[in-house]
Amino acid sequence: MSNTNTETGRDAESTRNRDALNTDTMQWVSAIVALAGLGLVAYPFMFESTEAAIWNDTLTGTAIFLLSGYNFVRLSRNRLASVGVASLATLLGLWALVSPAVIEMGSSELATATAAGGLIAAALSAYNAYANSKADTPEHAPARA
């Protein structure tokens with residue numbers, strides 16, 4: 001009987017470890033999304049753009065940067081990222097992806113850069129939301145030097 005309890009204990013621990021979230025890895029995901037947001041802010045000033053494109057990319061990029069930065073801070077404190085915040089960043093990334101079809105961007109380079117930044121932000125934010133919604137507890141990483 002003790003053999004069965006030992007095996008059950010191992011199964012429970014392996015399941016718990018599998019569902020634990022490595023917050024260090026997820027910090028990188030949030031940081032990349034934040035950089036994509038900063039890219040969206042910078043693109044209208046790097047390429048020929050219309051006033052509507054400047055406002056769109058600046059506001060969308062700033063919001064994505066702030067939302068991802070908030071989740072980065074949560075993850076740096078070994079807490080789970082906010083699924084709602086990551087979901088909102090996903091929606092904003094999707095908006096940036098389709099906005100070149102809705103708003104006159106002023107140049108094809110800006111339209112491509114905006115769509116690419118939106119795709120990166122949407123995909124990684126969606127992954128962040130999914131991974132954090134499925135996680136049980138953060139996995140404590142070793143102390144950093």
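Residues numbered from 1 in each chain as written. Predicted model: local features only at pLDDT ≥ 70, side-chain atom pairs only at ≥ 80, totals over all residues. Heavy atoms only, no water.

An unreviewed UniProt entry lists the protein under the name SPW repeat-containing integral membrane domain-containing protein, from Haloterrigena gelatinilytica.

What about the overall build of the protein?
Note the cut-off: Elements are defined by DSSP. Helices are runs of H or I of four residues or more, strands are runs of E of two residues or more, and each kind is numbered from the N terminus. Think of it in three bands: residues with accessible area under 20% of the maximum for their type are buried, residues over 50% are exposed, and the middle band is partly exposed, with areas taken using a 1.4 Å probe on protein chains only. Any two residues whose heavy atoms approach within 4.5 Å at even a single point are treated as in contact. Surface accessibility in these figures is a Shrake-Rupley result with a 1.4 Å probe; residues are shielded only by whichever protein chains are displayed.
The secondary structure content of the protein amounts to five helices and two strands. Helices and strands appear in the protein in the N-to-C order α-β-α-α-α-α-β. Within the protein, buried positions represent 37% of all 145 residues. Long-range contacts, defined as pairs at least 24 residues apart, comprise 76% of the intrachain contacts of the protein with a sequence gap of at least 6. As displayed, the protein offers around 8,400 Å² of accessible surface, 63% of which is attributable to carbon and sulfur atoms.

With respect to the UniProt feature "transmembrane region" (unreviewed entry) in the protein
Note the cut-off: UniProt positions are given in the numbering used here, feature names are shortened, and annotations may be inferred rather than shown by experiment.
The sites that UniProt annotates as "transmembrane region" (unreviewed entry) are residues 28-47, 53-73, 80-98 and 110-130. Between the C-alpha atoms that bound residues 28-47 the distance is 28 Å, and the span itself is 95% helix and 0% strand. Across residues 53-73, helical content stands at 100% and strand content at 0%; the span's end C-alpha atoms are separated by 30 Å.

Remarks on the packing of helix H2 (residues 23-46) against helix H3 (residues 51-76)
Packed helix pairs are characterised by how far apart their axes lie and by the angle those axes make with each other. Threshold: Note on geometry: axes are lines fitted to C-alpha atoms, helical ones only across the stretch in contact, with angles between N-to-C directions running from 0 to 180 degrees. Orientation categories follow fixed angle ranges, with anything under 35 degrees roughly parallel, anything over 145 roughly antiparallel, 65 to 115 roughly perpendicular, and all other angles oblique. By convention the crossing between two helices is left-handed if the near helix lies anticlockwise of the far one by an angle smaller than a right angle, and right-handed if it lies clockwise. All amino acids are sorted into three groups, where Ala, Val, Leu, Ile, Met, Phe, Trp, Tyr, Cys and Pro are nonpolar, Asp, Glu, Lys and Arg are charged, and the leftover types, Gly among them, are polar.
Closest axis-to-axis distance for the H2/H3 pair is 7 Å, and the angle between their directions is 165 degrees. For the element pair H2 / H3, the angle class is roughly antiparallel. Between H2 and H3 lies a crossing whose hand is left-handed. The class makeup of the residues in the contact of H2 with H3 is 16 nonpolar, 10 polar and one charged.

Some points on the nonpolar core
We apply this condition: Only buried residues count toward a nonpolar core. Its members are Ala, Val, Leu, Ile, Met, Phe, Trp, Tyr and Cys residues joined through side-chain atoms within 4.5 Å.
Counting 13 residues, the largest nonpolar core has Leu40, Tyr43, Ile64, Met105, Leu110 and Ala121 as its most contacted members. Listed by contribution, the elements that provide at least two residues to this core are H2, H3 and helix H5 (108-134). Not counting chain neighbours up to four residues away, the residues in contact with Ala121 comprise Val33, Ala36, Ile64 and Gly93. If you look at the next biggest cluster of nonpolar residues, it comprises five residues, including Met26, Val29, Ala81 and Ala131.

Observations regarding the packing of H3 against H5
Between H3 and H5, the least distance of the axes is 12 Å, while the angle of their chain directions is 25 degrees. The angle between H3 and H5 places the two elements in the roughly parallel class. As for the relative orientation of H3 and H5, their crossing is left-handed in sense. Across from Ala53, Asp57, Ile64, Asn71 and Leu75 in H3, the residues of H5 making contact are Leu110, Thr114, Ala121, Asn128 and Asn132. Class assignment for the residues of the contact of H3 with H5 results in five nonpolar, four polar and one charged.

Some points on a nonpolar patch on the surface
Under the convention used in this document: A patch consists of residues whose relative accessible area exceeds 30% and which take part in no salt bridge; residues with like charges are grouped when within 9 Å of each other, and nonpolar side chains (Val, Leu, Ile, Met, Phe, Trp, Tyr) when within 5 Å. The salt bridge definition used is simple: a Lys or Arg side-chain nitrogen within 4 Å of an Asp or Glu carboxyl oxygen.
A surface patch of nonpolar side chains, amounting to about 700 Å² of accessible area, comprises Leu88, Leu91, Leu94, Trp95, Leu97, Val98, Val102 and Leu119. Of the residues forming the nonpolar patch, the biggest block, seven residues, is contributed by helix H4 (residues 83-102). Inspection of the secondary structure assignment puts Leu88 in helix H4. Assessed through its relative accessible area of 42%, Leu88 is described here as partly exposed.

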